[in-house]
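# A structural walkthrough
Letter by letter, the chains look like this.
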Amino acid sequence: MSTTKAEFQALAAELIGDEFEDFAETTVLTKTTGFDYATQAATTTTQTFTTIRLEYETKQFDGQLIKIGDYMLIGERQLLATMPTPDNTTVTRAGEVCNFLRSSLDPADAAIIMHVRPQ
């Protein structure tokens, strides 16, 4: 019997949130949503969830798309209310603020894989 999309999503949640919790860290996505002229400050929304850090292999670094210092974060997609976009999102994980460069989803929409670069 094949695994359904819902079963795969449940499995991803168990793996990311439970089985690999020793490797997981709380991650905050901060999205700039506009500017408040009254307070002269940017308005933002945040989403918090758990991610696991994965390093790129040396042969993947090309100096343009993937630079030395870049890494990937994998998190449970179902925990995000909205998908982050690279033009207005920063990522904070373990106290490190990073630029959000791009993301991809697995076919079951269970995990988000984010490419980030420390500021």
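I will try to describe carefully the structure that is included in this document. (Residues numbered from 1 in each chain as written. Predicted model: local features only at pLDDT ≥ 70, side-chain atom pairs only at ≥ 80, totals over all residues. Heavy atoms only, no water.)

### A word on the sheet that holds strand β1 (residues 24-36)
Here 6 strands make up a closed barrel; going around it, the order is β1-β2-β3-β6-β5-β4 and the pairing antiparallel. Strand-to-strand, the axes of this sheet are offset by a mean angle of 45°, without reference to chain direction. Here β1 pairs with strand β4 (residues 89-93) via 5 bridges, running antiparallel. Note on β4: the bridge partner recorded for T30 is T90. Of the strands in this sheet, β1, β2 (41-55) and β3 (71-76) are in contact with helix α1 (residues 5-19), which crosses β3 at around 120°. (Pairing = 2+ DSSP bridges. Helix = DSSP H or I, 4+ residues; strand = E, 2+ residues; numbered from the N terminus. Axes fitted to C-alpha atoms, helices over the stretch in contact; angles between N-to-C directions. Contact = heavy atoms within 4.5 Å.)

### Some thoughts on the layout of surface pockets
The computed volume of the largest pocket comes to approximately 160 Å³. Looking at the largest pocket, the residues that line it are F8, L11, A12, L15, I16, F20, I52, L54, I74, D106, A110 and A111. Mapped by element, the contributors of at least two residues to the lining of the largest pocket are α1 and β2. Here the element with the most residues in the lining of the largest pocket is α1; it accounts for 5 residues. Split into classes, the residues belonging to the lining of the largest pocket amount to 11 nonpolar, no polar and 1 charged. (1 Å grid on protein atoms, 1.4 Å probe; cavity = no way out; pocket = protein on both sides within 12 Å on 5 of 7 lines; lining within 4 Å. Points joined across faces, edges and corners; volume = space filled by probe spheres on them. Nonpolar A, V, L, I, M, F, W, Y, C, P; charged D, E, K, R; others polar.)

### Description of the pairing of strand β5 (residues 96-105)
Two elements, β4 and β5, share 4 bridges in a ladder whose sense is antiparallel. Across the sheet, residue R93 finds its bridge partner in β5, namely E96. The turn joining β4 and β5, which pair antiparallel and follow one another in sequence, is formed by 2 residues; a positive phi near 55° is taken by A94. Across 7 bridges, β5 lies against strand β6 (residues 111-118) in antiparallel orientation. Opposite N99, over in β6, you have R117 as the bridge partner. Between the end of β5 and the start of β6, which pair antiparallel, lie 5 residues, with D109 showing a positive phi angle near 60°.

These figures come from the coordinates and say nothing about function on their own.
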